[in-house]
Amino acid sequence: LRESFERELEAAKNSEAVEKLRVAYLGKKGSVTELLKGLKDVSGEQKKEMGQHINLLKKQVEEKIGAQIEKIKAAEEEALVASAEQYDVTLPVTEAEGSYHPITLVQRQLEEIFASMGFTIEDYSEIVDDYHCFEALNIPKHHPARDMQDTYYLENGQLLKTHTSAAQNAIMKKYGAPLRAIFPGRCFRNEATDACHENTFFQMEGIMIDKNISISNLIYFMKTMLSEVFERDINVCLRPGFFPFVEPGFELDISCLICGGEGCPSCKNSGWLELCPCGMIHPNVLTAGGIDPEEYTGFAFGLGLTRLVMMKYGVKDIRDLNSGNLKALSQFRHE
Ligand code: PHE
């Protein structure tokens, strides 16, 4: 019986054949099972000896079938990989198919504008610690922004940065004052997604620190920069807004892109569209960054890059931007 089993196992080349074999030997009416059943007609010492024998056989048959199944599975997977599409990466490209993501396009445009105004462009990690994201920004321990509801905490106690402001402290320490820098980056917040909200989005932070920097500098830079982005004269307007790391803090609105300020459905007849939070950097934040607030002042803004892209290109659903839908995204070709 053992010999015939091994011969048949050798011949079973796919999982169905092995399964058939398993039933034939170990199934309810399988030959090994029949042998075990036959034991009831044997008596005494002989029964014990034969029982051990048959059970050993049963175990071996089970093990061999298991091993054969593993072998076949591996071979089948290998065949699947081999039959997958093959690409020759050395083939010459006949036509450039790619296009930049609209966020990349706007980010680069902003970088160019700010670089021409003397700002450096800084890169910063997406994984930060509590100190940089909150503590150094004058955000107290009990502030709701630290809630698990909003922040993705990692197992090691670090977190995914919830705003580009998380880089302020490190950049102040790196350069000291005077300082002009922008830092674009990807931010994460634990939010339910809909047409206007995403858990992953892009911001561009800007800070300018020098002697005698005032709100009028902030207004001037924002107006100049936005007029270039939208390729037309943009008016800005400040409303009070609260952020622990600026004092005073503002919400900056721009004149409506559709009606230019007359009032239309797109700006709910107000003539203004909300664009970005900003303000004068809080003295505590300057101090934490090693800059003397008695000597220097500065402004900061947190431009929502994703939001800006939606406004500039009239994108209605934020989810389109993260979708990886190349057909939708390739509309935004670089001029
Ligand atoms: N970091 C703030 C946010 O994402 C925005 C902000 C930046 C506000 C700079 C003021 C100054 O909500």
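Here the structure is a predicted model, which is why all the values come from computation and not from measurement.

**Considering the pairing of strand S9 (residues 297–304)**
With respect to burial, S9 is a largely interior element, seven of its eight residues being buried. With eight bridges connecting them, strand S5 (residues 200–210) and S9 associate as antiparallel partners. Along S9, the bridge assignment pairs Met-204 with Leu-303. Where strand S8 (residues 272–281) and S9 come together, three bridges link them in antiparallel fashion. Across the sheet, the residue bridging to Gly-279 is Ala-300, located in S9.

**Some details on the environment of Glu-16**
The residue Glu-16 is located in helix H2 (residues 15–26) in this model. Glu-16 gets classed as exposed once you look at its relative accessible area, which sits at 63%. C-alpha separation for the pair Glu-16 and Ile-69, spaced 53 residues apart in sequence, amounts to 9.7 Å.

**Regarding the site of the ligand**
Among the 13 residues in the neighbourhood of the ligand, the closest are listed as His-163, Ser-165, Arg-189, Gln-203 and Gly-302. At 2.9 Å, a side-chain N or O of His-163 approaches a nitrogen atom of the ligand. Separating a nitrogen atom of the ligand from a side-chain N or O atom of Ser-165 is a distance of 2.8 Å. Summarising the interface, the protein chains cover 93% of the accessible area of the ligand, which totals 330 Å² for the free molecule. Contributions of two or more residues to the shell around the ligand are made by S5, S8 and S9. Tallying contributions element by element places S9 first for the shell around the ligand, with three residues.

**Section: the UniProt feature "binding site: Mg(2+)" (unreviewed entry) in the chain**
Sequence positions flagged by UniProt for "binding site: Mg(2+)" (unreviewed entry) are, in local numbering, Glu-247. Within the secondary structure, Glu-247 sits in strand S7 (residues 246–255). Ignoring any residue separated from it by four or fewer positions in sequence, one finds Glu-247 in contact with Met-280 and His-282.

**Here we look at the side chain of Thr-33**
Within the fold, Thr-33 resides in helix H3 (residues 31–38). Given the relative accessible area of 19%, Thr-33 is considered buried. For Thr-33, the residues in contact, after removing those within four places along its chain, are Tyr-25, Leu-26, Gly-27 and Lys-28.

**As for the sheet that holds strand S1 (residues 120–121)**
Across the sheet, which stays open at both edges, the seven strands sit in the order S1-S4-S5-S9-S8-S7-S6 with mixed pairing between neighbours. The outermost strands of the open sheet, each flanked by one partner alone, are S1 and strand S6 (236–240). Set on the sheet, helix H8 (residues 215–230) makes contact with strand S4 (179–188), S5, S6, S7, S8 and S9; between it and S7 the angle comes to about 30°.

**A look at helix H4 (residues 44–83)**
Helix length check: H4, at 40 residues, gives a terminal C-alpha distance of 59 Å against a target of 58 Å (1.5 Å per residue), a fit within 8%. Looking at the buried positions of H4, the neighbouring elements they touch are helix H1 (2–11), H2 and H3.

**Notes on the pattern of salt bridges**
Applying the stated criterion to the full structure yields 10 salt bridges. Lys-64 is the partner of Glu-6 in a salt bridge, and the nearest nitrogen-oxygen pair spans 2.3 Å. Note that Glu-6 is positioned in helix H1 and Lys-64 in helix H4, a separation of 58 residues in sequence. Here the residues in one salt-bridge network are Arg-239, Asp-253 and Glu-274, joined through shared partners.

**Remarks on the pairing of S4**
Moving residue by residue along a regular strand, the side chains alternate between the two faces of the sheet. Within S4, eight of the 10 residues are buried, leaving the element largely enclosed by the surrounding structure. Examined bridge by bridge, S1 and S4 share two bridges and lie parallel to one another. Of the residues in S4, the one forming a bridge with Ile-121 is Ile-182. Taken together, the 10 bridges between S4 and S5 define a ladder with antiparallel strand orientation. Considered in S5, the bridge of Pro-184 is made with Met-204.

Cut-off values and rules
- Residues numbered from 1 in each chain as written.
- Predicted model: local features only at pLDDT ≥ 70, side-chain atom pairs only at ≥ 80, totals over all residues.
- Heavy atoms only, no water.
- Buried < 20%, exposed > 50% of the residue type's maximum accessible area, 1.4 Å probe, protein only.
- Helix = DSSP H or I, 4+ residues; strand = E, 2+ residues; numbered from the N terminus.
- Pairing = 2+ DSSP bridges.
- Near = heavy atom within 4 Å.
- Polar contact = N/O pair within 3.5 Å; in protein donor to acceptor, adjacent residues only side chain to side chain.
- Areas by Shrake-Rupley, 256 points an atom, 1.4 Å probe, with all protein chains shown as cover.
- UniProt positions renumbered as here; feature names shortened; annotations may be inferred.
- Contact = heavy atoms within 4.5 Å.
- Axes fitted to C-alpha atoms, helices over the stretch in contact; angles between N-to-C directions.
- Expected span 1.5 Å × (residues − 1).
- Salt bridge = Lys/Arg side-chain N within 4 Å of Asp/Glu carboxyl O.

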